[in-house]
Amino acid sequence: MLQENINITPFTTFGVEVSSRYFATFSSIEELRKLLAEVKDQQLLVLGGGSNMLFRKDYEGITIKNEITGISVIEENEESVLLKVGAGEVWHNFVLYSIEHNLGGIENLSLIPGSVGASPMQNIGAYGVEIKDVFDSLEAIEIATGELHTFSHQDCQFGYRESVFKKELKGKYIIVSVSYKLSKQPKLNTSYGAINSELATRGITQPSIKDVSDVVIAIRQSKLPDPKEIGNAGSFFKNPVIPKSHYIALQKTYENIPSYPVSKDTVKVPAGWLIDNAGWKGKTIGEYGVHKNQALVLVNYGKANGNDIFQLSEDIIADIYKRYQIKLEREVNIIA
Ligand SMILES: Cc1cc2nc3c(=O)[nH]c(=O)nc-3n(C[C@H](O)[C@H](O)[C@H](O)COP(=O)(O)OP(=O)(O)OC[C@H]3O[C@@H](n4cnc5c(N)ncnc54)[C@H](O)[C@@H]3O)c2cc1C
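Chemist: What am I meant to see in the sheet that holds strand 13 (residues 231-232) here?
Modeler: Strands in a sheet are paired, the pairing made by backbone hydrogen bonds, and the direction either parallel or antiparallel. Spatially, four strands are ordered 13-19-18-17 in an open sheet, and the strand pairing comes out antiparallel. Taken across any chain shown, the strands that pair with only one partner, and hence form the sheet edges, are strand 13 and strand 17 (284-285). Where strand 13 and strand 19 (residues 298-300) come together, two bridges link them in antiparallel fashion. Among the inter-strand pairings, Gly-231 is bridged to a residue of strand 19, identified as Asn-300. The sheet contacts of helix 8 (residues 306-324) involve strand 17, strand 18 (288-290) and strand 19, and relative to strand 18 the element is tilted by about 30 degrees.

Chemist: Explain the site of the ligand here, please?
Modeler: Taken together, 33 residues lie near the ligand, and Val-46, Gly-49, Ser-51, Pro-113 and Ser-115 sit nearest. Measuring from an oxygen atom of the ligand, one finds a backbone N or O atom of Val-46 at 2.7 Å. Asn-66 places a side-chain nitrogen or oxygen 3.3 Å from a nitrogen atom of the ligand. The fraction of the free accessible surface of the ligand (980 Å²) that becomes covered by protein chains is 93%. Counting residues per element, the ones that place at least two in the shell around the ligand are strand 3 (44-47), strand 8 (125-126) and strand 12 (173-183).

Chemist: What's the story with unusual backbone geometry in this structure? I'm lost.
Modeler: Excluding glycine, residues mostly carry a negative phi; peptide bonds, for their part, are mostly trans. Not every positive phi belongs to a glycine, and Asp-41 is a case in point at roughly 65 degrees. Despite not being glycine, Gln-325 has its phi angle at roughly 55 degrees, a positive value. One can find Gln-325 in the loop between helix 8 and strand 20 (333-335). Judged by its relative accessible area of 43%, Gln-325 is partly exposed.

Chemist: What exactly am I supposed to notice about the layout of surface pockets here?
Modeler: By rolling a water-sized probe across the atoms, one finds the places where empty space is left. Computed from the structure, the second largest pocket encloses a volume of approximately 240 Å³. Looking at the lining of the second largest pocket, the element that brings in the most residues is strand 12, giving three residues. Among the residues making up the lining of the second largest pocket, the classes are represented as four nonpolar, seven polar and four charged.

Definitions and limits used
Residues numbered from 1 in each chain as written. Predicted model: local features only at pLDDT ≥ 70, side-chain atom pairs only at ≥ 80, totals over all residues. Heavy atoms only, no water. Pairing = 2+ DSSP bridges. Helix = DSSP H or I, 4+ residues; strand = E, 2+ residues; numbered from the N terminus. Contact = heavy atoms within 4.5 Å. Axes fitted to C-alpha atoms, helices over the stretch in contact; angles between N-to-C directions. Near = heavy atom within 4 Å. Polar contact = N/O pair within 3.5 Å; in protein donor to acceptor, adjacent residues only side chain to side chain. Areas by Shrake-Rupley, 256 points an atom, 1.4 Å probe, with all protein chains shown as cover. Buried < 20%, exposed > 50% of the residue type's maximum accessible area, 1.4 Å probe, protein only. 1 Å grid on protein atoms, 1.4 Å probe; cavity = no way out; pocket = protein on both sides within 12 Å on 5 of 7 lines; lining within 4 Å. Points joined across faces, edges and corners; volume = space filled by probe spheres on them. Nonpolar A, V, L, I, M, F, W, Y, C, P; charged D, E, K, R; others polar.

As structure tokens, then:
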């Protein structure tokens, strides 16, 4: 059922006031197909948890919110379990399910906001783990035909905060379920960030997946602004990958510029460092700005306008280019 002129601000995390010309929810493939037949060829936006979006203005098209839930076991052996999860499940609830059932693989991805269906969109990642490490396949409805298609790992073309659904297939499919292979004999990955030191502080020498999840949650809560208190969409920019020769040239001016190896000829530079070093961290313009502890996170302190926040991101991109000749790319989806 299409509703008209609906305020969709509560379904997003940036806190920017926005309404959608039309709005509907769907909780099954049948409902989705019916909806697609009704709105054929009109401007359409799929909404999960709205935690990776910035609306520049009210949305003139039809927003459809995915509420397909359910977690089921597809296959199981001594080593692993294959689970099919409804795309409308809250991602962190799925992480909690995995911990409750002692299934390893996604504990480092605890507390990432949003839905299961959006997890493959940008190959969500945190603390040295990405969704592609446990991804098996997904099912999606083609918007033009209503047909159900299965996409393998290879089909999804995962990259750093990338997949085929943000490139060639952008706006063409609606993901309805995702299948993940989780391990019954988890191999923990605690080397990234402050996980090891936080485990040591807690006196934990043989951590369980729950211990790792608890520590990741505590670290995230201490570092990232909670969208319920300060509107944001997590990291606004991706970490740029640049040629090694460019990095070596930058080191002449910026001795402390950090980097992580990517390939023989390229390195990844933390965008947060570039923005911080350029003096943007903590900058506040009226109701919005750059977070005081996390230069990668743009924030809405109250009633900021989406277009103003977008303009701030443009100014940062231009300044970073001028200083370091590096073109930052946005991680957040801009809805014009
Ligand atoms: C505080 C905070 C911390 C964050 N930390 C991280 C982090 O550590 N790592 C990380 O990777 N991300 C992080 N993010 C970003 C965000 O959590 C992820 O990108 C998440 O996957 C978005 O899910 P969502 O359901 O909210 O997507 P939405 O914002 O609703 O949608 C994102 C995009 O996916 C599309 N989409 C959504 N669902 C579907 C579907 N079923 N089918 C087709 N298209 C769909 C939308 O149209 C849109 O283009 C963070 C965000 C916040 C606010």
